[in-house]
Amino acid sequence: MSRSLKAMRQKAETWLRQGISPQRLALTLALGFAIGCIPVIGVPTAVCLIVALSLRLNMPAIQAANYAAMPFQVALIFPFVRLGGWLFSTSAHPAMNAGVLAHGSPMKLIWASGSLAGEALAAWLVTAIPMVLLLTLVLTALLRRVPVLASVEAGD
């Protein structure tokens with residue numbers, strides 16, 4: 001095996017083992033799942049990348065949890081929009097009105113859509129924080145029962 005191939009393999013192994021203790025892995029999976037539920041399509045992958053790099057979390061694990069959350073992301077868009085409307089006391093959204101869609105100006109539609117997205121993101125944030133805390137606690141307890149991870153914890 002060539003020297004450069006060995007160096008690449010060592011880097012890959014280090015990358016895969018990074019943040020693999022039960023607590024760190026639980027936090028990684030919880031963050032990946034919560035971020036994966038952000039109600040804006042296409043954003044969670046980049047956010048997971050930034051979070052994993054900045055907190056030195058396991059990149060494959062956070063992205064796997066992110067992708068596992070995709071069905072929930074789609075299913076939760078409308079509940080987050082409704083919760084956001086409730087949080088901000090907006091009862092009727094112009095973007096949901098068929099008249100605005102058919103006859104409104106493009107700027108009015110863009111403004112209303114941005115408002116909906118902002119409210120949905122606020123609703124996601126309100127629910128994501130307790131979800132990450134709860135998932136981290138539950139996953140830590142479960143991952144401590146995995147023998148390979150328990151040995152990593154003992155070695156830390």
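Above this text sits the structure in question.
Residue positions are given per chain, counting from 1 as you read along its sequence in written order. Given that this is a predicted model, residues contribute local features only at a pLDDT of at least 70 and side-chain atom pairs are listed and counted only at 80 or more, while totals for whole chains, interfaces and linings are drawn from all residues. Hydrogen atoms and water are omitted, and side-chain values are computed over all heavy atoms in the structure.

In this section: the nonpolar core. In terms of nonpolar packing, the biggest core is built from 21 residues, with Leu 31, Ile 35, Val 51, Leu 57, Ile 62 and Trp 124 touching the most fellow members. Strands here are runs of E lasting at least two residues and helices are runs of H or I lasting at least four, both read from the DSSP assignment and numbered beginning at the N terminus. Among the elements of the structure, helix H2 (22–36), helix H3 (44–55), helix H4 (59–68), helix H5 (70–87) and helix H7 (106–143) are those that each provide at least two residues to this core. Among the buried residues, those of types Ala, Val, Leu, Ile, Met, Phe, Trp, Tyr and Cys that are joined through side-chain atoms within 4.5 Å form a nonpolar core. Exposure is judged per residue with a 1.4 Å probe applied to protein chains only, and the accessible area is read against the type maximum: over 50% gives exposed, under 20% gives buried, and values in between give partly exposed.

Let us look at the side chain of Thr 140. Within the secondary structure, Thr 140 sits in helix H7. We classify Thr 140 as buried; its relative accessible area is 9%. Polar side-chain contacts of Thr 140 include one of 2.6 Å to the backbone oxygen of Thr 136. Only heavy atoms matter for contacts: two residues are in contact if any of them lie within 4.5 Å across the pair. Look past the residues within four positions of Thr 140 in its chain and what remains in contact with it is Pro 22, Gln 23 and Ala 26. Pairing of N or O atoms within 3.5 Å defines a polar contact, subject to two protein rules: one partner must be a possible hydrogen donor and the other a possible acceptor, and residues neighboring in sequence count only if both atoms are side-chain atoms.

The next subject is the packing of H2 against H3. Packing of H2 against H3 brings their axes to within 9 Å, and their N-to-C directions diverge by 155°. One way to sum up the angle between H2 and H3 is to call them roughly antiparallel. Relative to H3, H2 is oriented so that their crossing is right-handed. Mapping the contact onto sequence places Arg 24, Leu 31, Gly 32, Ile 35 and Gly 36 in H2 and Pro 44, Val 47, Cys 48, Val 51 and Leu 55 in H3. Note on geometry: axes are C-alpha line fits, over the in-contact stretch for helices, and angles between N-to-C directions span 0 to 180 degrees. To sort the angles, those under 35 degrees are grouped as roughly parallel, those over 145 as roughly antiparallel, those from 65 to 115 as roughly perpendicular, and the leftovers as oblique. For a crossing to be left-handed, the near helix must be turned anticlockwise from the far one by less than a right angle; the clockwise case is right-handed.

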